[in-house]
Amino acid sequence: VKDGDDYVITGRKWFTTAADGAAFAIVMAVTDPDAPPHRRATQIIVPTDAPGFRLVRNIPIMGHAGEGWASHGEIEYDHVRVPQTNRLGEEGAGFAIAQERLGPGRIHHCMRWLGICKRAFDLMCRRAATRDVGDGKTLATKQIVQAWIAECRAKMVAARWAVLACAWRIDREGFYAAREEVSLIKFYVADVLSEVIDRAVQVHGALGLTDDTPLGHYYAHERGAHIYDGPDEVHKIVVARRILRAYAESTP
Ligand SMILES: Cc1cc2nc3c(=O)[nH]c(=O)nc-3n(C[C@H](O)[C@H](O)[C@H](O)COP(=O)(O)OP(=O)(O)OC[C@H]3O[C@@H](n4cnc5c(N)ncnc54)[C@H](O)[C@@H]3O)c2cc1C
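## Description of the nonpolar core
And step 1. One finds V189 and V196 to be the most contacted residues of the largest nonpolar core, which totals 35 residues.
And step 2. Elements represented by at least two residues in this core include exactly α1 (94–130), α2 (143–177), α3 (179–204) and α4 (215–221).
And step 3. Residues I44, A50, F53 and I75 belong to the second largest nonpolar core, which totals 13 residues.

## Comments concerning the side chain of H109
And step 1. Its location among the elements puts H109 in helix α1.
And step 2. Of note is the side chain of H109, whose polar atom sits 3.4 Å from the side chain of D229.
And step 3. Not counting the four nearest positions on each side in its chain, H109 is found in contact with Y228 and D229.

## A few points about the packing of α1 against α2
And step 1. At a closest axis distance of 10 Å, the pairing of α1 and α2 adopts a crossing angle of 160°. The pairing of α1 with α2 is recorded here as roughly antiparallel in orientation. Of the two elements, α1 crosses α2, and the hand of that crossing is left-handed. Contacts from G103, P104, I107, C110, M111, L114, C117, K118, F121, M124, C125 and A128 of α1 reach α2 at V145, I149, C152, R153, M156, A159, R160, V163, C166, A167, I170 and F175.
And step 2. Counted by class, the contact of α1 with α2 contains 20 nonpolar, one polar and three charged residues.

## Observations regarding the domain arrangement of the protein
And step 1. Looking at the protein, the domain boundaries give domain 1 (2–88) and domain 2 (94–250).
And step 2. Computed over C-alpha atoms only, the centres of domain 1 and domain 2 are separated by 31 Å.
And step 3. Tallying the contact residues gives nine residues for domain 1 and seven residues for domain 2.
And step 4. Taken together, the two surfaces of domain 1 and domain 2 that pack against each other cover about 660 Å², and 68% of this comes from carbon and sulfur.
And step 5. In this structure, the connection of domain 1 to domain 2 is made through zero salt bridges.
And step 6. For the pair domain 1 and domain 2, the number of links is two residue pairs in polar contact (both at pLDDT 80 or more).
And step 7. Sorting elements by how many residues they give to the side of domain 1 that touches domain 2 places strand β4 (residues 41–47) first, with three residues.
And step 8. Residue composition of the side of domain 1 that touches domain 2, grouped by class: five nonpolar, four polar and no charged.

## Section: the packing of aromatic side chains
And step 1. This model, assessed by the stated rule, comprises three aromatic pairs.
And step 2. A centroid spacing of 5.0 Å and a plane angle of 85° characterise the contact between W14 and F15, whose relative ring orientation is edge-to-face.
And step 3. Under the relative-accessibility criterion, W14 is labelled partly exposed at 48%.
And step 4. For F15, a relative accessible area of 39% gives the class partly exposed.
And step 5. Between W113 and Y228, the ring centres sit 6.2 Å apart and the planes meet at 50°, which makes this aromatic pair tilted. Note that W113 is positioned in helix α1 and Y228 in the loop between α4 and α5 (232–250), a separation of 115 residues in sequence.
And step 6. Taking relative accessible area as the criterion, Y228 reaches 27% and is therefore assigned partly exposed.

## Let's talk about the site of the ligand
And step 1. The local shell around the ligand consists of K13, F15, T17, H72, I227, Y228, P231, E233, V234 and I237.
And step 2. Here a nitrogen atom of the ligand sits 2.7 Å away from a polar atom, N or O, in the side chain of T17.
And step 3. A distance of 2.9 Å separates an oxygen atom of the ligand from a polar atom in the side chain of E233.
And step 4. In the complex, the protein chains occlude 47% of the 960 Å² of accessible area that the ligand would expose alone.
And step 5. Going through the elements one at a time, β2 (6–17) and α5 are the ones with two or more residues in the shell around the ligand.
And step 6. Counted by class, the shell around the ligand contains six nonpolar, two polar and two charged residues.

Cut-offs and rules
Residues numbered from 1 in each chain as written. Predicted model: local features only at pLDDT ≥ 70, side-chain atom pairs only at ≥ 80, totals over all residues. Heavy atoms only, no water. Core = buried A, V, L, I, M, F, W, Y, C linked by side-chain atoms within 4.5 Å. Buried < 20%, exposed > 50% of the residue type's maximum accessible area, 1.4 Å probe, protein only. Helix = DSSP H or I, 4+ residues; strand = E, 2+ residues; numbered from the N terminus. Polar contact = N/O pair within 3.5 Å; in protein donor to acceptor, adjacent residues only side chain to side chain. Contact = heavy atoms within 4.5 Å. Axes fitted to C-alpha atoms, helices over the stretch in contact; angles between N-to-C directions. Parallel < 35°, antiparallel > 145°, perpendicular 65-115°, else oblique. Left-handed = near helix turned anticlockwise from the far one by under 90°. Nonpolar A, V, L, I, M, F, W, Y, C, P; charged D, E, K, R; others polar. Domains from an automatic or database assignment. Buried area = accessible area lost by both parts, 1.4 Å probe. Salt bridge = Lys/Arg side-chain N within 4 Å of Asp/Glu carboxyl O. Phe/Tyr/Trp six-rings, centres within 6.5 Å; stacked < 30°, edge-to-face > 60°. Near = heavy atom within 4 Å. Areas by Shrake-Rupley, 256 points an atom, 1.4 Å probe, with all protein chains shown as cover.

If you want it as structure tokens, here you go:
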């Protein structure tokens, strides 16, 4: 709510990534509930030392406590008062600003996931080529392992080109024009990532579950790829709606 020249913020928010150690948080709050949905929210910078701001805890994720930048905080805002000059952009521009940030954020995740795929794939191939399974043969001689390797490679190549095509469109036409491509790579590359990590773990056997390779860490931490910055289902809806709208408009 507004009070004089200030905003007074009360509420609770979890999954504020890297809140631990941050100097400020960006709060997105509804400032005009009667406005159209895309004009209701405003973004406000809140210093983490403002009275009433409390990092309740770093939320433990898949057995890891989390700290510093590698953490996801639960925050309580108890009548936190900040001047209206801390607002980012105009009042009601919160949704538009979030959309501008989420486009680059999503393709950035996809590029990072391609790197993780490459690392997991390299580990898988090296293990398959060296693991002795008796009679002087390695895992790499097993047809099912060969099929996994070929399928993973094909999907990684497809994912890489899809990300490149998306980046190409963003470069030329901007994020708004490329929103279908961004949604498409967000769920597709997440699927490829999960499959490649899972196959790599399987090829490593028990070793794949240990912390002696990075695979166990990837397996736990990259599961979130299907959830953060919009879950898979929402991105599939975005893509399908846009495709189907074109058919509805062109079908007599
Ligand atoms: C590692 C991580 C870091 C994060 N960091 C941040 C952060 O820094 N800041 C921040 O604000 N948030 C952050 N989040 C929160 C994240 O944006 C949300 O978790 C995500 O948008 C999903 O919302 P939710 O968890 O409330 O799930 P819900 O909305 O409860 O959805 C639960 C499930 O329902 C399904 N579902 C949801 N909507 C639909 C739909 N329309 N149609 C069909 N199915 C649907 C999906 O399967 C989804 O997984 C983070 C989350 C994670 C996991």
